Number of protein chains: 2
Amino acid sequence: MSAAPITIALLGGGTVGAEVARLLVQNAADLEKRVGAPIRLTAVAVRDATRLRPGIDPALITADAEAVAGSGADIVVELMGGIEPARTLILAAMSAGSSVVTANKALLAADGASLYATAAEYGVDLYFEASVAGAIPLLRPLRESLAGDQVTRVLGIVNGTTNFILTKMDEQGADYAEVLAEAQALGYAEADPTADVEGHDAAAKAAILAELAFHTRVTVADVDCEGISHVTLADIKAAQDMGFVIKLLAVAELKFDSAGVAQGVIVRVHPAMVPRSHPLGGVREAFNAVFVEAVSAGEMMFYGRGAGGAPTASAVLGDVVAVARNKVAGGRGPGESVYANLPTLPIGDAHTRYYVNLEVTDRPGVLASIAAAFAEHGVSIQTVRQDGHGDGAQLIVRTHRATDAALRATVDALRELPTIKRVTGVMRVEGEAGE
Amino acid sequence: MSAAPITIALLGGGTVGAEVARLLVQNAADLEKRVGAPIRLTAVAVRDATRLRPGIDPALITADAEAVAGSGADIVVELMGGIEPARTLILAAMSAGSSVVTANKALLAADGASLYATAAEYGVDLYFEASVAGAIPLLRPLRESLAGDQVTRVLGIVNGTTNFILTKMDEQGADYAEVLAEAQALGYAEADPTADVEGHDAAAKAAILAELAFHTRVTVADVDCEGISHVTLADIKAAQDMGFVIKLLAVAELKFDSAGVAQGVIVRVHPAMVPRSHPLGGVREAFNAVFVEAVSAGEMMFYGRGAGGAPTASAVLGDVVAVARNKVAGGRGPGESVYANLPTLPIGDAHTRYYVNLEVTDRPGVLASIAAAFAEHGVSIQTVRQDGHGDGAQLIVRTHRATDAALRATVDALRELPTIKRVTGVMRVEGEAGE
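Residues numbered from 1 in each chain as written. Chains lettered and ligands numbered in written order. Predicted model: local features only at pLDDT ≥ 70, side-chain atom pairs only at ≥ 80, totals over all residues. Heavy atoms only, no water.

1. As for the interface of chain B and chain A
Frequently, the measure chosen for interface size is the accessible area that the parts lose on association. To be explicit about the condition: Any two residues having at least one pair of non-hydrogen atoms within 4.5 Å are treated as being in contact. The term buried area refers to how much accessible surface (probe radius 1.4 Å) is lost by two components on association, counted for both of them together. What counts as a salt bridge is simple: a side-chain nitrogen of Lys or Arg found within 4 Å of a carboxyl oxygen of Asp or Glu. Under this definition, polar contacts are N or O atom pairs within 3.5 Å; protein pairs additionally need one hydrogen-donor-capable and one acceptor-capable atom, and for neighbouring residues in sequence, both atoms have to be side-chain atoms. A run of H or I in DSSP becomes a helix once it reaches four residues, and a run of E becomes a strand once it reaches two; helices and strands are each numbered from the N terminus. Nonpolar residues are Ala, Val, Leu, Ile, Met, Phe, Trp, Tyr, Cys and Pro. Charged residues are Asp, Glu, Lys and Arg, and all others, Gly as well, are polar. Note on pairing: DSSP must find at least two bridges between two strands before they are called paired.
With 43 residues of chain B in contact, the opposing surface of chain A contributes 43 residues. Taken over both partners, the interface formed by chain B and chain A buries close to 3,800 Å², and the fraction arising from carbon and sulfur atoms is 54%. Three residues, B:Arg34, B:Tyr303 and B:Tyr339, lead the burial of chain B against chain A; their summed loss comes to 17% of the area buried on that side. Inspection of the region where chain B meets chain A yields two salt bridges. With a shortest N-O distance of 3.8 Å, A:Glu144 and B:Arg140 are connected by a salt bridge. Counting every contact that joins chain B to chain A gives 18 residue pairs in polar contact (both at pLDDT 80 or more). Those elements giving two or more residues to the side of chain B that touches chain A turn out to be α2 (28–35), α6 (139–145), β12 (298–305) and α12 (309–329) of chain B. With eight residues, α12(B) is the largest single contributor of residues to the side of chain B that touches chain A. The residue inventory of the side of chain B that touches chain A, partitioned by class, reads 21 nonpolar, 10 polar and 12 charged. Here four bridges tie strand β12 (residues 298–305) of chain A to β12(B), and the two strands are oriented antiparallel to one another. Pairing of A:Tyr303 across the sheet is with B:Met301, part of β12(B).

Rendered as structure tokens:
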């Protein structure tokens with residue numbers, strides 16, 4: 001082939017960047033055949049240009065990120081992460097005529113609008129498959145395959161660290177602190193695990209998924225977020241007894257009015273009990289999976305490795321090939337689609353189910369007072385089970401679907417009841433059939 | 001928006017065609033926003049134009065398929081199925097400048113090359129997401145998301161009818177004939193179920209998946225195909241005892257030489273025992289799922305509804321939006337990619353594991369003679385279990401991985417052993433970790 005080469009400049013030479021650089025060279029012959037033009041790596045901007053980076057030609061390495069971003073390469077791949085200087089560099093690259101491939105979930109979830117607007121202004125592509133769920137092809141299916149359908153709900157396990165921790169708690173009966181230490185030792189969790197265990201990483205991904213699914217601008221500030229650090233072995237055990245498993249879920253859903261018209265979008269991240277028989281119930285260890293519900297397509301699930309150098313590099317290279325093909329064939333990838341412009345609704349408006357675990361005094365009338373508290377708030381009880389007797393008696397209540405606000409108010413009322421010694425566990429239940 | 005409308009002509013007004021027509025009208029406002037131009041249905045060619053088709057404007061209905069194909073619509077959607085007249089009509093549509101969206105697996109698997117060549121000749125698009133696994137976004141991920149990776153293996157449950165039958169046999173202990181009758185009554189199986197139960201439908205899909213995964217031309221004639229009509233309750237029971245479940249698998253894989261260079265492609269459809277803990281093991285009823293292994297991305301799975309009017313229509317409309325966007329933005333979808341041009345290897349070259357169920361005479365030396373037969377063919381035994389004693393003794397053997405040819409030769413040799421009364425079951429085992 002005699003087509004002009006497609007030039008690629010990398011911002012970031014960490015684990016993913018090094019793997020992308022290596023694969024661009026190693027698979028050059030295949031990539032040329034798939035694109036219809038040779039692919040040429042022209043520069044790799046790193047923080048410390050003096051450090052040895054095996055597999056990357058030293059002549060390509062520079063610490064001058066601004067120069068790389070402004071080099072006018074056909075494609076600038078941003079793998080630095082974080083809001084700044086990534087945003088400034090990406091905007092500079094676009095204004096120099098470069099299309100951008102990025103894995104930067106934090107930036108996309110905080111200010112995707114600027115990136116899209118600048119891409120549109122300069123007529124360049126913006127692709128970001130690697131920003132959510134690593135290697136799992138997920139954003140392209142949402143943006144393209146399901147473009148003729150209406151997605152109503154996305155339920156995702158999108159953070160490998162927390163899924164690893166919850167899997168170990170479930171399978172080994174080890175408590176949160178113990179498993180977190182194990183995850184840190186294995187490199188599955190950072191020394192400061194906050195971004196993972198408090199759900200912030202999942203919240204950024206939830207915002208990106210929600211925007212694509214619902215054609216509505218959603219940022220991480222719109223996401224109601226709760227982590228897993230308060231999940232106890234008692235919760236895990238209660239879930240097991242009911243045939244459930246606890247997962248940190250990113251949930252993005254449309255709320256419809258009684259006429260079936262979408263009123264708004266609710267996006268939330270929190271631990272939830274999921275039936276073991278649900279496709280998400282079997283997603284173990286550090287794997288990710290995203291369950292999508294659409295009007296015509298029905299239920300779908302996408303499963304795979306959500307992180308790691310090689311899987312993330314696979315997603316980045318898929319985007320590089322897509323942008324390069326657009327360059328060769330003419331044409332553009334999809335731009336921002338936020339025409340539906342729905343409001344973000346508070347989590348109180350969400351319809352969910354609750355599991356509530358209560359330590360009660362084992363006396364006649366206890367159940368009646370509890371049932372009254374639920375009824376008062378319009379929450380209907382699905383099942384109640386009593387475990388133990390006397391002072392150690394526990395009541396485990398599962399509710400039917402109600403607004404989250406009503407469920408919270410019910411739990412607040414339960415805390416005030418004299419017959420209840422302690423509310424030992426409260427968790428949402430997702431993924432059950434019916435209603 | 002003032003962009004010129006994108007015109008769509010439909011060939012076929014059956015279940016899927018009627019649903020596509022209905023959704024094009026019902027969702028016109030959304031589709032216009034997503035495409036950037038209005039979408040206009042211009043004609044629906046049906047076999048019997050006098051029959052009432054609720055939801056389709058009668059003025060659009062005609063029996064003149066040639067006229068519709070040659071109408072020069074921006075997009076011709078072919079949903080008639082079968083080789084002819086579908087092929088002639090598609091080629092006519094392309095030569096009139098129309099891009100084509102089709103769900104026709106039989107035609108693509110028999111003669112995709114003609115369609116691709118004609119699309120390239122006339123500079124039009126060819127999309128066919130709905131041809132495999134209905135609504136599950138699968139072909140776009142293979143063609144685009146994984147375009148920067150090397151897919152090594154695809155394992156799919158791609159036929160809903162056979163998965164429904166095998167699920168019922170597994171869960172209800174009902175035998176094949178009984179469940180087939182139930183599936184026919186429920187509309188999951190045709191009156192003549194041959195295409196499904198003998199694996200022909202899955203073989204066509206396997207060919208399409210293999211071509212996309214391995215950048216090599218594969219037709220249905222290259223697929224080694226075996227159905228489920230001989231699967232017995234004894235096989236189901238043996239699988240259960242070992243923690244396995246029987247699935248009809250479409251397997252497409254690269255075979256590598258000792259230096260790691262791909263030597264060829266093996267494509268096969270057959271019932272196989274899969275561990276219940278494997279992601280494919282939990283795929284029940286008429287659901288489809290495709291498990292993909294790639295060098296960088298690792299293991300992925302795509303799960304959802306493989307058939308039905310609405311799910312198939314969702315996939316068709318996704319393709320319609322993609323082609324329409326290409327029209328609006330300029331540019332073209334991916335063309336045929338068969339540059340790797342690998343040979344198709346016979347199934348005898350496949351590396352698989354076997355389960356073999358033997359009715360034996362319970363005498364000293366039986367196991368020694370059987371072990372010798374395996375060893376003679378270079379097949380290593382993983383486990384042997386004896387059930388029962390005396391005349392009813394059964395030996396259940398599971399092998400390590402060996403070539404299919406060696407395994408078949410071993411089974412042939414076992415049939416000749418005087419200590420073996422009958423070989424009651426032979427099945428491949430897939431999806432186990434290791435080796």
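Now, onward.
2. Side note on the sheet that holds strand β3 (residues 61–62) of chain A
Residues and elements named next belong to chain A. In spatial order, the strands read β3-β2-β1-β4-β5-β6; together these six strands make up an open sheet with parallel pairing. Edge strands, defined here as strands with exactly one partner in the open sheet, are β3 and β6 (126–127). Two elements, strand β1 (residues 6–11) and strand β4 (residues 75–78), share four bridges in a ladder whose sense is parallel. Paired with Leu10 across the strands is Val77, a residue of β4.

3. A closer look at the pattern of salt bridges
Filter applied, for reference: Buried residues are those whose accessible area, probed at 1.4 Å on protein chains only, stays under 20% of the maximum for their type, while exposed residues exceed 50% and partly exposed ones sit between those limits.
Per the counting criterion, the structure on display carries 58 salt bridges over all chains. Note that A:Glu171 is salt-bridged to A:Arg284, the shortest N-O span being 2.6 Å. One end of the pair, A:Glu171, is in helix α7 (residues 160–172); the other, A:Arg284, is in the loop between β10 (262–275) and β11 (287–294), and 113 residues separate them in sequence. Residue A:Glu171 is classed as partly exposed on the basis of its relative accessible area, which comes to 43%. Where B:Arg276 meets B:Asp170, a salt bridge forms, and the shortest distance between an N and an O atom there is 2.8 Å.

4. Side note on unusual backbone geometry
For the bond from A:Glu84 to A:Pro85, the omega torsion is 5°, close enough to zero to count as cis. Mapped onto the elements of the fold, A:Pro85 is located in the loop between β4 and α4 (86–95). The backbone of B:Ala133 shows a phi angle near 60°, a positive value even though the residue is not glycine. Of note, B:Ala133 is situated in the loop between β6 (126–127) and α6. Overall, B:Ala133 belongs to the buried group, its relative accessible area being 1%. Residues other than glycine seldom take positive phi values, yet B:Asn341 does so here, at roughly 50°. Residue placement: B:Asn341 occurs in the loop between α12 and β13 (351–360). On the accessibility criterion, B:Asn341 (62% relative accessible area) is exposed.

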